[in-house]
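Each chain is listed here by its residues.
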2 protein chains.
Amino acid sequence: MTAASREVTAAVLVIGNEILSGRTKDVNLGFLAEQLTGLGIRLREARVIADLEADVVAAVNETRARYDYVFTTGGIGPTHDDITAACVAKAFGVALVLDERAVAVLTRHYQPGQLNEARLRMAHVPAGASLIDNPVSAAPGFQIGNVFVMAGVPSVMRAMFDGIKHRLSGGAPVLSRTVTSGLPEGVLADGLGRLQERYPDFDIGSYPYYRRGGYGTSLVVRGTDRTRLAAAADDLFALVTALGGEPYEGDPPA
Amino acid sequence: MTAASREVTAAVLVIGNEILSGRTKDVNLGFLAEQLTGLGIRLREARVIADLEADVVAAVNETRARYDYVFTTGGIGPTHDDITAACVAKAFGVALVLDERAVAVLTRHYQPGQLNEARLRMAHVPAGASLIDNPVSAAPGFQIGNVFVMAGVPSVMRAMFDGIKHRLSGGAPVLSRTVTSGLPEGVLADGLGRLQERYPDFDIGSYPYYRRGGYGTSLVVRGTDRTRLAAAADDLFALVTALGGEPYEGDPPA
């Protein structure tokens, strides 16, 4: 397997009771999924877990062993329910230490006298971690091993991710083509299954939609070989046409 | 522990490559989180997993052993990438069988001659499963043991969930109060941590917000005892006021 063809994998851990209670609707997962795909990194699973030490430690250790990268969001603020940094330290079996670079960042950010003990919690990272810049609200995230720990507030998380992109090595980018028509899945299924068998290295998905204006199905083929992808898309167009549909490129109108 | 005070727990499994690739933004998790909370069921974790048999089987077996209820969304259509029913059967160690009740539902739904082999896949459920009605597009979900298998299309999933609500037994409903102010988390953190210590049976969360109009923090206290909840909310108001903030009930204006 060449370097370009090796699959680079990742998991996302969304940490926070507020997502599980339904109070907050997570938007970080969708953002990270798109970004990682664009970087040629396959997001293999995501978990939403509670602010419970045992749960966070277990999820970090399971996923960091299984995937090339792990990205966490949430739980790195100054309050008692922000336990992510301590949990990641525990998962790696290292101490949680006051980071002088983080102290310097926070000292510059706050007015004199405002850097209290609670805010200094945000300068504690697992020993050996490197910092992740936070251009929005100063308090940094951090990286230790293959685990990247970021904030839960979406604007902060996005800014942090922009800052670490260059540290990530993706595999061959996953390309995709989408062919949509008004045909229902049940009509397409048989031919589509046979097409999948002819392209075993491609991931062919079928996504029905129901809109006020009607219904239909988007067929999506994903893979890394551009030439074969074009051939697969041609075959999708031909399949839909042969079944009496009128295929077009892309998603259905919103 | 009385029946009313026992905690009833759940996990959600979102099954589908399209969520992990970023193509589709999941909205089912947020819906289920709200609904379960309203029913007095604690959503303890959620996982987004790929359309891979080993992953689905493992996730179903891990979560059904650990929680009172498991809810899955996605992967029950007629195409080759719809593998959820087969995976759940495998997880339970039972056969995937053609369900005559499901055949009858599909026969009524489709025009004569349209119920082809692919669509009949949707009438296959694990042996011993009971059906979950689908008033939107006919093809049913199913329940086996403590696992509820639903569609991924949000409108269909919601209709299915409405139909199974009455089968679920919640514990004591989790009540919550929210106190918001313009104070930053770092100012609140110390007093908030001490408040959490005084209410160990309550879950007190701190959620910073950044809006065009300013920033601040929402403090949320959650628990089952209405009288103590009111006392905790009073204490949150008093804490914010003592720190110079102007607290108000509820979330910040959007």
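For the structure, see preceding data.
The sections below set out a description of the structure shown in this document. Source: prediction; values computed, not measured. (Residues numbered from 1 in each chain as written. Chains lettered and ligands numbered in written order. Predicted model: local features only at pLDDT ≥ 70, side-chain atom pairs only at ≥ 80, totals over all residues.)

**Points about the environment of B:Asn28**
Inference 1: Its place among the elements puts B:Asn28 in helix H2 (residues 28–38).
Inference 2: Ignoring anything within four residues of it in the chain, the contact list for B:Asn28 reads B:Val14, B:Thr73, B:Pro154 and B:Met157. (Helix = DSSP H or I, 4+ residues; strand = E, 2+ residues; numbered from the N terminus. Contact = placed C-beta atoms within 7 Å.)

**Focus on the environment of B:Asp55**
Inference 1: Looking at the secondary structure, you find B:Asp55 in helix H3 (residues 53–66).
Inference 2: With 11 residues separating them along the chain, B:Asp55 and B:Arg44 place their C-alpha atoms 19 Å apart.

**A short note on the sheet that holds strand S3 (residues 69–73) of chain B**
Inference 1: As summarised here, the arrangement of the 12 strands in space is S6(A)-S7(A)-S8(A)-S3(A)-S1(A)-S2(A)-S2(B)-S1(B)-S3(B)-S8(B)-S7(B)-S6(B), forming an open sheet in which the pairing is mixed. Among the strands making up the open sheet, the edge pair consists of strand S6 (130–132) of chain A together with strand S6 (130–132) of chain B. Each strand of the sheet is rotated relative to its neighbour by a mean of 20°, with strand direction disregarded.
Inference 2: With 8 bridges connecting them, strand S1 (residues 8–15) of chain A and strand S2 (residues 41–49) of chain A associate as parallel partners. Within S2(A), the residue paired with A:Val14 across the bridge is A:Val48.
Inference 3: The strands touched by helix H4 (residues 84–92) of chain A are S1, strand S3 (69–73), strand S7 (141–144) and strand S8 (147–150) of chain A; relative to S8(A), the strand with the most contacts, the crossing angle is about 170°. (Pairing = 2+ DSSP bridges. Axes fitted to C-alpha atoms, helices over the stretch in contact; angles between N-to-C directions.)

**Regarding the nonpolar core**
Nonpolar side chains in soluble globular proteins generally cluster together in the buried interior.
Inference 1: Of all hydrophobic cores here, the largest spans 102 residues; its most connected members are A:Ala10, A:Val12, A:Val70, B:Ala10 and B:Val12.
Inference 2: Not counting residues within four places of it along the chain, the set of residues in contact with A:Val12 comprises A:Leu29, A:Leu32, A:Leu43, A:Ala46 and A:Phe71. (Core = buried A, V, L, I, M, F, W, Y, C linked by C-beta atoms within 7 Å. Buried ≥ 20, exposed ≤ 12 C-beta atoms within 10 Å, placed from the backbone.)

**A word on the sheet that holds strand S12 (residues 248–249) of chain A**
Residue and element names in this part refer to chain A.
Inference 1: The 4 strands are arranged S10-S11-S9-S12 in an open sheet whose pairing can be described as antiparallel. Of all strands in the sheet, those bounded by a partner on one side alone are strand S10 (203–211) and S12.
Inference 2: Relative to strand S11 (residues 214–223), S10 runs antiparallel, the two being bridged by 9 bridges. For Asp203, the partnering residue across the bridge sits in S11 and is Arg222.
Inference 3: Lying on the sheet, helix H8 (residues 185–198) is in contact with S10 and S11; it crosses S10 at an angle near 170°.

**Describing the environment of B:Ala139**
Residues and elements named next belong to chain B.
Inference 1: Tracing the chain through its elements places Ala139 in the loop between S6 and strand S7 (141–144).
Inference 2: For Ala139 and Met122, which are 17 residues apart along the polypeptide, the C-alpha to C-alpha distance reads 6.1 Å.
Inference 3: Apart from residues lying up to four places away in sequence, Ala139 is in contact with Ile76, Leu106, Met122 and Asn134.

**Brief notes about the packing of helix H2 (residues 28–38) of chain A against helix H7 (residues 154–164) of chain A**
Residue and element names in this part refer to chain A.
Inference 1: Between H2 and H7, the least distance of the axes is 10 Å, while the angle of their chain directions is 20°. Classed by the angle they form, the pair H2 and H7 counts as roughly parallel. As for the relative orientation of H2 and H7, their crossing is right-handed in sense. For the pair H2 and H7, contact is made by Asn28, Phe31, Leu32 and Gln35 and by Pro154, Met157, Arg158 and Phe161, respectively.
Inference 2: Classifying every residue of the contact of H2 with H7 by side-chain character gives 5 nonpolar, 2 polar and 1 charged. (Parallel < 35°, antiparallel > 145°, perpendicular 65-115°, else oblique. Left-handed = near helix turned anticlockwise from the far one by under 90°. Nonpolar A, V, L, I, M, F, W, Y, C, P; charged D, E, K, R; others polar.)

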